[in-house]
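# Summary of the model geometry
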There are 2 protein chains.
Amino acid sequence: MPTLRLALCQVNPTVGDLAGNAGLVRSWSRQAADAGAQLVLFPELMLTGYPVEDLVFRRSFVAASRAALHRLAADLAADGLGDLPVMVGYLDADGPPQVSADAQPGRGARNAAAVLHRGEVVATYFKHHLPNYGVFDEDRYFVPGDTLTVVRVGGVDVALTICEDLWQAGGPFAVAREAGVGLVLSINASPYELNKDDVRLPLVRRRAAEAGAPIAYVNMVGGQDELVYDGDSMIVTADGTLLTRAPQFVEHLLVHDLELPAAGTPGGTGALTDGMRVVRHEIPAIPAAPTGPAADGGIIEPVADEAEVWHALVLGLRDYIDKNRFPSVVLGLSGGIDSAVAAAIAVDAVGPDRVVGVSMPSQHSSEHSRTDAEDLAKRTGLDYRVEPIQPMVDTFLANMSLSGVAVENLQARVRGVILMALSNQEGHLVLTTGNKSELAVGYSTLYGDSVGGYNPVKDVWKTLVWRLAKWRNADAVRRGQTPPIPENSIGKPPSAELSPGQLDSDTLPDYDVLDPILIGYVDGDLGRDGLVESGHDPAVVDKVLRMVDTAEYKRRQSAPGTKISMKAFGRDRRLPITNRWREDG
Amino acid sequence: MPTLRLALCQVNPTVGDLAGNAGLVRSWSRQAADAGAQLVLFPELMLTGYPVEDLVFRRSFVAASRAALHRLAADLAADGLGDLPVMVGYLDADGPPQVSADAQPGRGARNAAAVLHRGEVVATYFKHHLPNYGVFDEDRYFVPGDTLTVVRVGGVDVALTICEDLWQAGGPFAVAREAGVGLVLSINASPYELNKDDVRLPLVRRRAAEAGAPIAYVNMVGGQDELVYDGDSMIVTADGTLLTRAPQFVEHLLVHDLELPAAGTPGGTGALTDGMRVVRHEIPAIPAAPTGPAADGGIIEPVADEAEVWHALVLGLRDYIDKNRFPSVVLGLSGGIDSAVAAAIAVDAVGPDRVVGVSMPSQHSSEHSRTDAEDLAKRTGLDYRVEPIQPMVDTFLANMSLSGVAVENLQARVRGVILMALSNQEGHLVLTTGNKSELAVGYSTLYGDSVGGYNPVKDVWKTLVWRLAKWRNADAVRRGQTPPIPENSIGKPPSAELSPGQLDSDTLPDYDVLDPILIGYVDGDLGRDGLVESGHDPAVVDKVLRMVDTAEYKRRQSAPGTKISMKAFGRDRRLPITNRWREDG
């Protein structure tokens with residue numbers, strides 16, 4: 001049995017940065033070569049980043065991706081890495097877009113992978129299964145491939161696949177078995193969701209069994225707008241053994257030796273699954289097998305849910321800030337739990353020197369709203385400021401006749417104006433900090449506390465915000481560091497402090513009651529009857545669902561934020577604003 | 001040859017209002033029966049409205065649609081309309097959603113049509129071609145049908161089709177020919193785009209030729225969030241003759257007699273196009289052929305582009321206001337062309353008593369900014385108010401150290417706070433009035449002039465805003481009415497008036513230069529080289545493209561507005577915020 005040393009490059013490309021992403025491939029291929037690798041993998045759409053969305057329709061962009069691929073092949077050879085086969089995702093076009101006389105805007109592009117060798121593109125593969133659910137719109141963009149590409153590398157037949165191919169039975173992996181391959185490569189841009197790592201390993205196992213061959217699975221890492229890729233790259237054998245697994249949320253080079261069957265007589269010439277064909281290539285020579293001890297990538301165990309989510313939120317925010325080249329962020333500090341957690345995430349993401357926290361007290365603000373904010377600032381070291389809002393609020397009130405909710409919202413909107421003024425004056429990205437529960441029921445002021453370019457806790461239910469705060473503080477204690485979040489912010493009852501003595505519980509059910517209803521309705525698409533059958537109080541269900549339904553217009557104008565759940569607000573959940581459907585009739 | 005009297009009901013349902021929409025079917029079927037109709041058609045997804053988006057995933061909603069359909073059949077019979085066959089669009093489920101162990105959230109629903117007769121659902125059809133481009137995401141929601149349903153009505157074989165089926169060759173219309181039908185019914189929810197009516201008629205002609213049979217095409221009318229359906233229902237013969245055509249943008253009952261071939265020996269038993277099957281039903285009896293003169297629906301000629309767009313914008317806004325049950329709207333009046341046109345649209349939509357216009361002068365406001373706003377108010381009769389912003393601006397400036405663009409934006413944001421305060425206090429929907437050119441280049445203040453729940457001119461290029469203003473005024477003169485828009489608002493150079501002597505032309509190319517570049521880049525997906533080849537100045541192109549690319553974050557939080565172009569900002573054009581791709585490298 002030949003042995004191949006694989007290098008899975010779990011890296012962090014940036015959407016649209018073709019030159020930068022190609023540079024990553026070159027530098028990581030160099031590291032892989034230094035580690036003795038004989039076959040190197042990079043993630044799906046490595047050259048363009050993922051998702052590029054409607055950039056796919058820009059011919060100039062597709063052409064640039066193709067040109068970058070060929071330049072990369074030449075550059076790798078010039079780097080002295082020509083013999084090392086490198087599999088990399090890129091955007092391709094297979095002829096002009098499909099536009100007929102009965103014309104609908106045509107898909108013509110391909111979600112593609114290439115194997116580069118000796119300065120050439122020696123093999124390509126087009127993704128067969130296209131996801132068009134959740135956050136994915138690939139039927140909008142791509143034509144599916146109908147060919148399995150098999151490349152003989154070091155005497156082993158290796159099949160190429162891309163991401164969604166793995167998530168459906170009966171496609172390229174079944175064909176890989178029919179073709180008798182010894183190894184399947186799977187390159188991915190698979191966004192993080194809480195518990196997805198628990199799904200991924202069994203999935204890879206099922207598909208390895210289907211292919212009758214081991215799978216080398218490499219995933220992207222890093223943030224892209226609302227998505228964060230968690231890595232979690234791995235190699236699994238046909239019998240389901242996990243050989244090696246990379247950590248989540250960090251760039252990582254996973255190098256591992258695999259004993260593989262020598263290629264025999266090629267199969268896959270009869271009628272194949274899904275009507276696919278098999279196309280074969282052979283790479284004449286690869287780097288010699290390294291001497292010395294076998295490479296073992298090791299197995300990283302998954303961490304606790306709270307740790308996982310925290311790392312996801314930190315990475316998602318950091319990459320939004322840095323990939324968009326913001327020098328710093330600014331956010332309002334109310335002394336409450338949401339802004340405290342958001343500030344702690346921001347400090348973990350970019351350091352306290354790049355985080356400005358602003359306390360904006362009003363006449364309704366409690367003493368602790370300011371002292372807790374100040375405490376947070378001391379604990380984290382962020383740049384702390386105080387901007388009282390009462391003079392501006394009073395001027396509005398002196399010039400307009402306002403009462404009730406108009407006065408409440410006015411205070412939040414003056415705070416929004418202050419944060420945006422600081423942003424315009426000093427260049428900060430404004431962070432908004434409404435949690436998922438608030439966003440769901442519309443418990444926020446549009447253009448007030450919702451002001452901001454990014455929301456680190458957008459997809460975090462309120463009850464999870466509290467759990468994250470406790471975990472982060474406990475983790476600090478474990479490390480011998482100062483817990484960043486004031487205990488008082490965790491313990492006190494939530495309040496918007498927009499009117500005297502106001503508490504969230506005046507308007508909303510307790511979050512312990514609210515969140516399970518919201519999770520069933522939003523994440524689970526349960527209707528009223530399903531929720532009542534689950535044991536929730538019908539009157540509370542009716543009230544909550546009505547709040548969710550009528551807040552759609554606010555969500556439509558909300559800032560992006562990191563997706564961590566199976567269904568985040570945003571492109572993951574698409575509902576009309578104008579909508580008379582009410583679950584209670 | 002039998003003669004059938006068809007009634008095409010071009011009506012305006014509301015998303016989610018199952019009972020209300022069923023009520024429309026009953027009342028319009030009654031009118032159709034009174035006109036002697038023997039076969040009645042309603043639009044695609046008539047019972048649920050269109051698009052219902054992720055409501056499709058709510059089992060409670062799909063079940064309610066099915067229940068409403070059966071109740072409607074019974075109600076029509078109870079209304080004494082049982083003999084009259086009624087074709088109506090509804091949402092169906094064909095078994096449980098497709099969820100496998102390798103589970104992705106499954107599509108399981110059907111975009112369906114039913115024929116109701118004598119209290120029963122006698123035939124159903126599932127849409128075969130699913131659009132997944134532009135504003136459409138039907139691959140996300142629906143399983144395509146693979147059966148052509150043919151119903152014998154009054155001795156004529158009639159095939160059922162739905163919307164997108166018409167836009168692609170080689171599907172149900174080819175099968176209809178193979179099945180030897182005498183008539184094809186096409187029910188639609190086809191959103192308006194400028195010039196789409198010029199596409200639609202030739203398309204129906206091609207498909208009628210393909211089917212070898214006449215097509216009765218009925219389209220929805222009315223606004224739904226960003227979409228507006230224009231009607232434009234018609235009947236076209238196999239040889240391409242347009243027999244009758246309904247007006248756009250109004251509800252309309254189109255009644256027309258058609259001589260049709262008697263059904264012969266059924267065809268369609270061999271191998272059929274697209275692997276489709278044919279299923280046949282027969283309706284035993286329909287209302288007797290009416291005596292008296294033949295019914296002729298007449299042919300409405302298309303109107304000029306400006307009139308068409310104006311009507312689209314008025315209907316889109318009116319339905320957003322009324323379907324969401326807003327009592328009134330409020331908008332800022334700057335004396336400029338955008339707010340003047342938006343106000344005139346609002347007055348046309350809901351009348352001057354439901355429109356509040358607010359002049360919000362600052363120290364940089366010109367005298368004409370107020371007098372032109374006042375003139376507009378007088379011409380239209382809207383509720384006019386003046387709210388000077390300087391006291392609030394001065395208070396912010398006294399409490400913060402701001403300069404430059406921070407001060408400019410502050411003024412716009414104080415205006416946003418005022419409009420939202422009026423909205424909270426008095427219940428108005430706030431209209432924002434940034435045109436498509438401004439939205440494209442980001443020439444607006446986030447949370448300032450962009451504040452609002454709806455934007456009537458969101459998809460209107462600045463040069464078209466001017467054309468619309470001139471057309472609306474000229475149309476008023478033709479009708480002997482007062483032109484609503486002050487000539488001075490049309491004639492003066494555009495300015496944001498946020499700093500002394502400021503003009504749009506300080507920052508932007510002339511709109512005559514800017515708009516063609518934007519149209520090529522946004523609507524046409526041309527890259528830099530394509531634009532330069534079209535004759536645009538490379539330096540201007542580079543500047544404009546960079547502005548468009550870096551304004552994506554503003555558009556992401558912008559209000560919805562009526563789509564009138566082939567590519568509107570919003571779901572029609574999906575681009576990443578984090579995006580390093582620049583056309584000029």
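Residues numbered from 1 in each chain as written. Chains lettered and ligands numbered in written order. Predicted model: local features only at pLDDT ≥ 70, side-chain atom pairs only at ≥ 80, totals over all residues. Heavy atoms only, no water.

## Some words on the overall build of chain A
The number of helices and strands found in chain A is 17 helices and 19 strands. For 585 residues, the compact-globule estimate of 2.2 N^0.38 gives 25 Å, and the C-alpha radius of gyration of chain A, at 26 Å, lies within 12% of that figure. Structurally, chain A occupies a C-alpha span of about 85 × 55 × 45 Å along its principal axes. At a minimum sequence separation of 6, the contacts of chain A that also span at least 24 residues come to 77%. Summed over all atoms, the accessible surface of chain A reaches about 19,100 Å², with 52% contributed by carbon and sulfur. Taking the average location of the 54 positive side-chain charges in chain A and that of its 75 negative ones, the two points are 3 Å from each other. (Helix = DSSP H or I, 4+ residues; strand = E, 2+ residues; numbered from the N terminus. Rg over C-alpha atoms; globule rule 2.2 N^0.38 Å. Contact = heavy atoms within 4.5 Å. Areas by Shrake-Rupley, 256 points an atom, 1.4 Å probe, with all protein chains shown as cover. Lys, Arg positive; Asp, Glu negative; His and termini not counted. Charge placed at Lys NZ, Arg CZ, Asp CG, Glu CD.)

## Some thoughts on the sheet that holds strand β8 (residues 183-188) of chain A
Sheets are built from strands that pair by backbone hydrogen bonding, the pairs being arranged parallel or antiparallel. Residue and element names in this part refer to chain A. Sheet architecture is open: seven strands sit in the order β13-β12-β9-β8-β7-β6-β15, paired in mixed fashion. Each edge of the open sheet carries a strand with a single partner, namely β13 (242-245) and β15 (277-282). Mean inter-strand twist for the sheet, computed between neighbouring axes without regard to direction, equals 20°. Two elements, strand β12 (residues 234-236) and β13, share three bridges in a ladder whose sense is antiparallel. Bridging across to β13, Ile235 finds its partner in Thr244. Taken strand by strand, helix α5 (residues 196-211) contacts β8, β9 (215-219), β12 and β13, and its axis lies near 40° from that of β12. (Pairing = 2+ DSSP bridges. Axes fitted to C-alpha atoms, helices over the stretch in contact; angles between N-to-C directions.)

## A closer look at empty space enclosed by the protein
Inspection of every chain in the model, using the stated rule, returns 17 cavities of 30 Å³ or more. In this structure, the largest cavity encloses a volume near 960 Å³. Considering the residues around the largest cavity, the lining is formed by 41 residues, among which Arg556, Gly570 and Arg571 of chain A together with Arg556 and Arg571 of chain B are closest to the centre. Classifying every residue of the lining of the largest cavity gives 16 nonpolar, four polar and 21 charged. Empty space within the second largest cavity amounts to approximately 170 Å³. In terms of lining residues, the second largest cavity is bounded by 17 residues, among which Thr432, Leu439, Ser444, Ser450 and Ser558 of chain B are the most central. Elements supplying a minimum of two residues to the lining of the second largest cavity: α11 (436-441) and α17 (552-556) of chain B. Residues of the lining of the second largest cavity, tallied by class, amount to four nonpolar, eight polar and five charged. (1 Å grid on protein atoms, 1.4 Å probe; cavity = no way out; pocket = protein on both sides within 12 Å on 5 of 7 lines; lining within 4 Å. Points joined across faces, edges and corners; volume = space filled by probe spheres on them. Nonpolar A, V, L, I, M, F, W, Y, C, P; charged D, E, K, R; others polar.)

## Description of the packing of helix α12 (residues 462-478) of chain A against helix α14 (residues 511-523) of chain A
Residue and element names in this part refer to chain A. In contact at an axis separation of 8 Å, α12 and α14 are set at 115° when each is read in the N-to-C sense. Contacts between α12 and α14 pair Lys462, Thr463 and Trp466 from the former with Tyr511, Asp512 and Asp515 from the latter. A breakdown of the residues in the contact of α12 with α14 according to their chemical character gives two nonpolar, one polar and three charged.

## Some points on the sheet that holds strand β19 (residues 429-430) of chain B
Residues and elements named next belong to chain B. Pairing is parallel in the open sheet, where four strands are placed in the order β18-β17-β16-β19. Each edge of the open sheet is held by one strand with a lone partner, namely β18 (383-386) and β19. Examined bridge by bridge, strand β17 (residues 355-359) and β18 share four bridges and lie parallel to one another. In the sheet register, Val358 faces β18, and the bridge partner there is Arg385.

## Quick notes on the relation of the copies chain A and chain B
Mapping chain A onto chain B calls for a screw motion: a turn of 180° about the axis and a shift of 0.0 Å along it, with 0.0 Å RMSD after fitting. Taken together, the rotation and translation describe the operation of a two-fold axis. For chain A, the minimum C-alpha distance to the rotation axis belongs to Gln557 of chain A and amounts to 2.1 Å. Take the interface residues of chain A: 99% of them recur as interface residues in chain B, which is what a same-surface contact looks like. (Least-squares fit on C-alpha atoms with pLDDT ≥ 70 in both.)

## Structural notes on the packing of helix α1 (residues 18-34) of chain B against helix α2 (residues 59-81) of chain B
Residues and elements named next belong to chain B. Running from amino to carboxyl end, α1 crosses α2 at an angle of 30°, the nearest separation of the two axes being 10 Å. Taken as axis vectors, α1 and α2 run roughly parallel relative to one another. When you trace α1 past α2, the crossing you get is right-handed. Here Leu18, Ala22, Val25, Arg26, Ser29, Arg30 and Ala33 of α1 lie close against α2, whose contacting residues are Phe61, Ala64, Ser65, Ala68, Leu72, Asp75, Leu76, Asp79 and Leu81. (Parallel < 35°, antiparallel > 145°, perpendicular 65-115°, else oblique. Left-handed = near helix turned anticlockwise from the far one by under 90°.)

## As for the environment of Gly434 of chain A
Residue and element names in this part refer to chain A. Tracing the backbone through its elements, the reader meets Gly434 in the loop between β19 (429-430) and α11 (436-441). Given the relative accessible area of 13%, Gly434 is considered buried. For Gly434 and Trp461, which are 27 residues apart along the polypeptide, the C-alpha to C-alpha distance reads 9.8 Å. Excluding anything up to four places from it in sequence, Gly434 contacts Asn455, Val457 and Lys458. (Buried < 20%, exposed > 50% of the residue type's maximum accessible area, 1.4 Å probe, protein only.)

## Notes on the pattern of salt bridges
With the rule as written, the count across this model stands at 84 salt bridges over all chains. Asp338 of chain B is paired through a salt bridge with Lys462 of chain B; the nearest N and O atoms lie 3.1 Å apart. In this pair, Asp338 of chain B sits in helix α7 (residues 337-350) while Lys462 of chain B sits in helix α12 (residues 462-478), placing the two residues 124 residues apart along the sequence. Here Asp338 of chain B and Lys462 of chain B have matching classes, each one buried. A salt bridge links Arg385 of chain B to Asp383 of chain B; the nearest nitrogen and oxygen atoms lie 3.3 Å apart. Take Arg385 of chain B: its relative accessible area is 22%, and that puts it in the partly exposed class. Here Asp383 of chain B falls in the partly exposed class, since its relative accessible area comes to 32%. Connected through shared salt-bridge partners, Asp137 and Arg574 of chain A together with Asp137 and Arg574 of chain B make up one network. (Salt bridge = Lys/Arg side-chain N within 4 Å of Asp/Glu carboxyl O.)

## Topic: unusual backbone geometry
Residues and elements named next belong to chain A. Cis peptide bonds are those with omega within 30 degrees of zero, and the linkage from Tyr50 to Pro51 qualifies with -10°. Here Pro51 lies in the loop between β2 (39-41) and α2 (59-81). A positive phi angle, near 70°, is found at Phe249, a position not held by glycine. Mapped onto the elements of the fold, Phe249 is located in the loop between β13 and β14 (252-259). Among the residues examined, Phe249 registers a relative accessible area of 8% and is labelled buried.

## Remarks on the pairing of strand β10 (residues 221-224) of chain B
Here β10 of chain B shows two buried faces, one formed by Val221 and Gly223 of chain B and the other by Gly222 and Gln224 of chain B. Adjacent in sequence and paired antiparallel, β10 of chain B and strand β11 (residues 227-230) of chain B are bridged by two residues, among which Asp225 of chain B carries a positive phi angle near 55°.

## Structural notes on the environment of Val414 of chain B
As for its position among the elements, Val414 of chain B is in helix α10 (residues 405-426). Considering only alpha carbons, one finds Val414 of chain B and Gln390 of chain B, 24 residues apart in sequence, at a separation of 9.1 Å. Not counting chain neighbours up to four residues away, the residues in contact with Val414 of chain B comprise Phe396 of chain A together with Ile389, Met392, Val393 and Phe396 of chain B.

## Notes on the environment of Ser369 of chain A
Residues and elements named next belong to chain A. Among the structural elements, Ser369 can be located in helix α8 (residues 367-380). The spacing of Ser369 and Ser489 is 120 residues in sequence and 8.7 Å in space, taken between C-alpha atoms. In this structure, Ser369 is in contact with Ser334, Gly335, Lys492 and Glu497, ignoring residues within four places of it in sequence. Looking at Ser369, its side chain comes within polar contact range of the main-chain oxygen of Ser366, at 2.8 Å. (Polar contact = N/O pair within 3.5 Å; in protein donor to acceptor, adjacent residues only side chain to side chain.)

## Digging into the side chain of Thr433 of chain A
All names here are of chain A. Tracing the chain through its elements places Thr433 in the loop between β19 and α11. Residue classification places Thr433 among the buried positions, given a relative accessible area of 15%. The contact partners of Thr433, leaving out residues within four places of it in the chain, are Leu331, Asp338, Ser339, Ala342, Asn455 and Val457.

## Overview of helix α10 (residues 405-426) of chain A
Note that an α-helix has 3.6 residues per turn; residues three or four places apart therefore point the same way. All names here are of chain A. Here α10 is 22 residues long and its end C-alpha atoms lie 32 Å apart, about the 32 Å a rise of 1.5 Å per residue gives. In terms of burial, α10 is largely enclosed, as 17 of its 22 residues are buried. Remark: Gly427 follows α10 within two positions and exhibits a positive phi of approximately 90°. (Expected span 1.5 Å × (residues − 1).)

## Structural notes on the packing of aromatic side chains
For the structure on display, the rule yields 17 aromatic pairs over all chains. Plain terms: the ring middles of Phe57 of chain B and Tyr141 of chain B are 5.5 Å apart, the flat faces sit at 45° to each other, and that makes the pair tilted. With Phe57 of chain B in the loop between β2 (39-41) and α2 and Tyr141 of chain B in helix α3 (residues 138-141), this pair connects stretches of sequence that are 84 residues apart. Note on Phe57 of chain B: relative accessible area 24%, which makes it partly exposed. By the ring-pair criterion, three or more aromatic residues cluster together here, those being Phe57, Tyr141 and Phe142 of chain A. Looking at Lys462 of chain A, its charged tip hangs above the ring of Trp466 of chain A, at a distance of 5.4 Å from the centre. Positioned above the aromatic ring of Tyr511 of chain A is the side chain of Lys462 of chain A, whose terminal nitrogen or guanidinium carbon lies 5.4 Å from the ring centre. (Phe/Tyr/Trp six-rings, centres within 6.5 Å; stacked < 30°, edge-to-face > 60°. Lys NZ or Arg CZ within 6 Å of the ring centre and 35° of its normal.)

## Considering the side chain of Asp92 of chain A
Residues and elements named next belong to chain A. The residue Asp92 is located in strand β3 (residues 86-93) in this model. Under the relative-accessibility criterion, Asp92 is labelled buried at 8%. At 2.4 Å, the side chain of Asp92 and the side chain of Arg66 are in polar contact. When residues no more than four places from it in sequence are discounted, the contact partners of Asp92 are Val62, Arg66, Ala109, Arg110, Ala112 and Phe126.

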